[in-house]
Amino acid sequence: MTVSLPLVVVLGFFAWGAIKFLGVRTWVVVLIALFGFWLSQTFLAPAIESGTRSGVTVINSSHT
């Protein structure tokens, strides 16, 4: 059985867990999210997307 989750959902769970269990302040999570939106508009966006896709592919192929 294969379960597919968008990466944003997984990162959302990590953010929720960081706030709930690690005591990270909400404004820090919001600041990091805003930085991600800003970073997506820079010249680094294609490299980050490519690296993320490669990492997800490696993780997915190691479980099959």
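Peer 1: Describe the overall build of the protein chain, listing the residues and the values that go with them.
Peer 2: Check the secondary structure of the protein chain and you find 3 helices and 0 strands. Over its C-alpha trace the protein chain gives a radius of gyration of 14 Å, far above what one expects of a compact globule, namely 11 Å for 64 residues. Summarising its shape, the C-alpha atoms of the protein chain cover approximately 40 × 35 × 15 Å along the three principal directions. Classification of the 64 residues of the protein chain by burial places 6% in the buried group.

Peer 1: Now, about a nonpolar patch on the surface: what can you tell me, with residues and values included?
Peer 2: On the surface, Leu5, Val8, Val9 and Phe13 cluster together into a nonpolar patch covering about 400 Å² of accessible area. In this fold, leucine 5 is placed in the segment before helix H1 (7–21).

Peer 1: If you had to explain the environment of serine 62 to someone new, which residues and values would you point to?
Peer 2: Position of serine 62 among the secondary structure elements: in helix H3 (residues 45–62). Note on serine 62: relative accessible area 53%, which makes it exposed. Remark: the alpha-carbon pair of serine 62 and glycine 23, spanning 39 residues in sequence, is separated by 33 Å.

Peer 1: Just give me the short version of the environment of phenylalanine 35, but keep the residues and values in it.
Peer 2: Of note, phenylalanine 35 is situated in helix H2 (residues 26–39). Sequence-wise, phenylalanine 35 and glycine 17 are 18 residues apart; in three dimensions their C-alpha atoms are separated by 19 Å.

Peer 1: Can you lay out the pattern of salt bridges for me, pointing to particular residues and giving the numbers?
Peer 2: Counting across every chain of the model gives 1 salt bridge. Between arginine 53 and glutamate 49 there is a salt bridge; the shortest N-O distance is 3.1 Å. Of the two residues, arginine 53 and glutamate 49 are both situated in helix H3; the distance of 4 residues between them amounts to about one turn of the helix. The exposed category is assigned to arginine 53, whose relative accessible area is 55%.

Peer 1: Account for the packing of aromatic side chains, with residues named and values stated.
Peer 2: The full count for this structure, using the stated rule, is 2 aromatic pairs. Measuring from ring centre to ring centre gives 5.7 Å for tryptophan 16 and phenylalanine 21, while their planes differ by 90°; the resulting arrangement is edge-to-face. A relative accessible area of 51% means that tryptophan 16 is categorised as exposed. With a relative accessible area of 62%, phenylalanine 21 lands in the exposed category.

Definitions and limits used
Residues numbered from 1 in each chain as written. Predicted model: local features only at pLDDT ≥ 70, side-chain atom pairs only at ≥ 80, totals over all residues. Heavy atoms only, no water. Helix = DSSP H or I, 4+ residues; strand = E, 2+ residues; numbered from the N terminus. Rg over C-alpha atoms; globule rule 2.2 N^0.38 Å. Buried < 20%, exposed > 50% of the residue type's maximum accessible area, 1.4 Å probe, protein only. Patch = residues over 30% accessible without salt bridge, like charges linked within 9 Å, V, L, I, M, F, W, Y side chains within 5 Å. Areas by Shrake-Rupley, 256 points an atom, 1.4 Å probe, with all protein chains shown as cover. Salt bridge = Lys/Arg side-chain N within 4 Å of Asp/Glu carboxyl O. Phe/Tyr/Trp six-rings, centres within 6.5 Å; stacked < 30°, edge-to-face > 60°.

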